[in-house]
Amino acid sequence: MDSSQKAPGPAEAAPRILKKFAYLLSARWVREALQAVFLIYLARLSANTYGEFMLALGLGSILMLVVEFGLNFPLVSQLAQKEVDRGTALVQVSLLKGVLLALSLLGVLAFMKWQAYAVPLQQVMFMLCAGVGLDALANSFFVALQVQGRQDLQGKIKALAAGLGFGYGLLTLALGAPPLVVAAFKLIESLANLGGSYLLVRTSIRFRLARPSLKPLFLALSSGLVFALIEVSAILYNKANLFFLQKYAGVSGVAQYSVTWQTVDGISGLVSGLLLQSILFPLFVQLWEVDRDRVSQLAQDTARWLLATSLLIMFVLFIESDR
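Visitor: I tried to follow unusual backbone geometry on my own but got confused; where do I start?
Guide: Note: most peptide bonds trans; most residues except glycine with negative phi. Although it is not a glycine, alanine 116 sits at a positive phi angle of roughly 60°. For alanine 116, the location among the structural elements is in the loop between helix H4 (86-115) and helix H5 (119-147). Overall, the relative accessible area of 63% leaves alanine 116 in the exposed class.

Visitor: Help me out: how do you make sense of the environment of leucine 71 in this one?
Guide: With respect to the helices and strands, leucine 71 occurs in the loop between helix H2 (47-68) and helix H3 (72-79). Taking C-alpha positions, leucine 71 is 9.9 Å from alanine 136, a pair spaced 65 residues apart along the chain.

Visitor: Just checking my understanding: could you explain the side chain of serine 140 for this structure?
Guide: In this structure, serine 140 sits in helix H5. Judged by its relative accessible area of 0%, serine 140 falls in the buried class. Within the structure, the side chain of serine 140 is placed 2.8 Å from the side chain of lysine 97, a separation counted as a polar contact. When neighbours within four sequence positions are excluded, serine 140 is seen to be in contact with Asn72, Leu75, Leu90, Val93, Ser94 and Lys97.

Visitor: What should I look at first to understand H3 in this one?
Guide: Because the α-helix completes a turn every 3.6 residues, residues three or four places apart line up on one side. Across the 8 residues of H3, 6 count as buried, placing the element largely inside the fold. Buried within H3 we find Asn72, Phe73, Pro74, Leu75, Val76 and Leu79.

Visitor: Looking at this structure, I do not really get the pattern of salt bridges. What am I missing?
Guide: Where charged atoms from two side chains of opposite charge approach closely, those side chains can pair. Across all of its chains, the model carries 4 salt bridges by this definition. Between lysine 186 and glutamate 189 there is a salt bridge; the shortest N-O distance is 3.3 Å. With a gap of 3 residues between them, lysine 186 and glutamate 189 both fall in helix H8 (residues 184-204), about one helical turn apart. Overall, lysine 186 belongs to the buried group, its relative accessible area being 6%. For glutamate 189, a relative accessible area of 2% puts it in the buried group.

Visitor: Is there a simple way to think about H2 in this case?
Guide: Between its first and last C-alpha atoms H2 spans 31 Å; for 22 residues at 1.5 Å apiece the expected length is 32 Å, and the two agree. Backbone geometry just downstream of H2 places phenylalanine 69 in the positive-phi region, at approximately 50°.

Visitor: For this particular structure, what's the right way to read the packing of aromatic side chains?
Guide: The full count for this structure, using the stated rule, is 7 aromatic pairs. On the numbers, 5.2 Å between centres and 35° between planes, the contact of phenylalanine 166 with phenylalanine 185 is tilted. Linking phenylalanine 166 in helix H6 (residues 151-174) with phenylalanine 185 in helix H8, this pair joins segments that are 19 residues apart in sequence. Grouping residues by exposure puts phenylalanine 166 and phenylalanine 185 together as buried. Among the aromatic side chains, those forming a connected cluster through ring pairs are Phe38, Phe53, Phe166 and Phe185. Sitting over the face of the ring of phenylalanine 142, lysine 158 holds its NZ or CZ atom 5.0 Å from the ring centroid.

Visitor: Could you clarify how one ought to interpret a nonpolar patch on the surface in this entry?
Guide: Taken together, Leu95, Val99, Leu103, Leu106, Leu109 and Phe126 make up a surface patch of nonpolar side chains, about 510 Å² in accessible area. When residues of the nonpolar patch are assigned to their parent elements, the largest contribution, 5 residues, is made by H4. When you line up the elements, leucine 95 lands in helix H4.

Visitor: Looking at this model, I keep getting lost on the confidence of the model for the protein chain. Mind explaining?
Guide: For residues with low pLDDT, the predicted coordinates do not support detailed interpretation. Mean pLDDT over the protein chain: 77, with 68% of residues reaching 70 or higher. The low-confidence segment residues 1-8, where pLDDT is below 50, has 13 contacts with residues more than four positions distant or belonging to other chains.

Visitor: Quick question: what am I supposed to make of the packing of H6 against H8 here?
Guide: Angle between the axes and distance between the axes are the two parameters that describe a pair of packed helices. Where H6 meets H8, the closest approach of the two axes is 8 Å, and the angle between their N-to-C directions is 155°. One element, H6, and the other, H8, form an angle in the roughly antiparallel class. Classified by chirality, the crossing of H8 by H6 is right-handed. Mapping the contact onto sequence places Leu153, Ile157, Lys158, Ala161, Ala162, Leu164, Gly165, Phe166, Tyr168 and Gly169 in H6 and Ala184, Phe185, Ile188, Glu189, Ala192, Asn193, Gly196, Ser197 and Leu200 in H8. By residue class, the composition of the contact of H6 with H8 is 12 nonpolar, 5 polar and 2 charged.

Visitor: I'm lost on the environment of valine 147 in this one. Help?
Guide: Tracing the chain through its elements places valine 147 in helix H5. Take valine 147: its relative accessible area is 9%, and that puts it in the buried class. Taking the C-alpha atoms as reference, valine 147 lies 6.6 Å from alanine 80; in sequence the two are 67 residues apart. Other than its neighbours up to four places away in sequence, valine 147 contacts Val76, Leu79, Ala80 and Gln286.

Rules of the game
Residues numbered from 1 in each chain as written. Predicted model: local features only at pLDDT ≥ 70, side-chain atom pairs only at ≥ 80, totals over all residues. Heavy atoms only, no water. Helix = DSSP H or I, 4+ residues; strand = E, 2+ residues; numbered from the N terminus. Buried < 20%, exposed > 50% of the residue type's maximum accessible area, 1.4 Å probe, protein only. Polar contact = N/O pair within 3.5 Å; in protein donor to acceptor, adjacent residues only side chain to side chain. Contact = heavy atoms within 4.5 Å. Salt bridge = Lys/Arg side-chain N within 4 Å of Asp/Glu carboxyl O. Expected span 1.5 Å × (residues − 1). Phe/Tyr/Trp six-rings, centres within 6.5 Å; stacked < 30°, edge-to-face > 60°. Lys NZ or Arg CZ within 6 Å of the ring centre and 35° of its normal. Patch = residues over 30% accessible without salt bridge, like charges linked within 9 Å, V, L, I, M, F, W, Y side chains within 5 Å. Areas by Shrake-Rupley, 256 points an atom, 1.4 Å probe, with all protein chains shown as cover. pLDDT = per-residue confidence, 0-100. Axes fitted to C-alpha atoms, helices over the stretch in contact; angles between N-to-C directions. Parallel < 35°, antiparallel > 145°, perpendicular 65-115°, else oblique. Left-handed = near helix turned anticlockwise from the far one by under 90°. Nonpolar A, V, L, I, M, F, W, Y, C, P; charged D, E, K, R; others polar.

Have a look at this one:
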């Protein structure tokens, strides 16, 4: 093996993982802090509006995973291969996600009509779902940055986008704007993520629009099918109860439940969303092509300290649960 292609050992890989995790964690903290201020302010102004927003974001999280359709995982593998045209791969995945987004938004309209939601609630839910769905498109370009090891750029974009989105949301709340106007905060954040990630990727990867053939599109859908079924099933399990709460307890019931869930889900998302998906998975894919023994060793080492950390977090949540 050529020395320039030698994979980093566990002693070298661990600091790199923590450094990349710190970039994304910093951006996550910025966003979580802004979101906490926004949601607390919203809940104090109107518990019912807070419940409507949480119901909409719950539906949006389902829509986002449907749009992504597990395509990020095979995209990581494609971008890690030198012989693959990275620009073509990004075009194919972006086109697929765009089609899935359009179909999913039609599904959202049909679902709201079926549930007979009030028109103002439908408008707020559609606005927020559209914003969340655009995040799925931005994630394709974030995957390209992750494969290149540029989590620092991803963190900066996400922090800036969160500042724009929640800054707008807080301003409109202070001005007493109607819920539909306030709900545009998510659209602003997602568009900033999409535009910023696209511009950065375009400077480092040859990204040009091209007419994709049907066979690669079909292969991309097939390769992401298993991941899509796993993720969509999981999110339905976690979020379906919101719609039952809306039906039998109203938006006030959704609001009470969401306060607790936001705390638990926010902590677990730091590990599942940032560390495992955005850092370790791209690293494992790259090491797999160079030294597969190192992948197994690194996975075992990571699992040990993740288990210790999770037990500590579980203990803290338990002793503070009365709050």
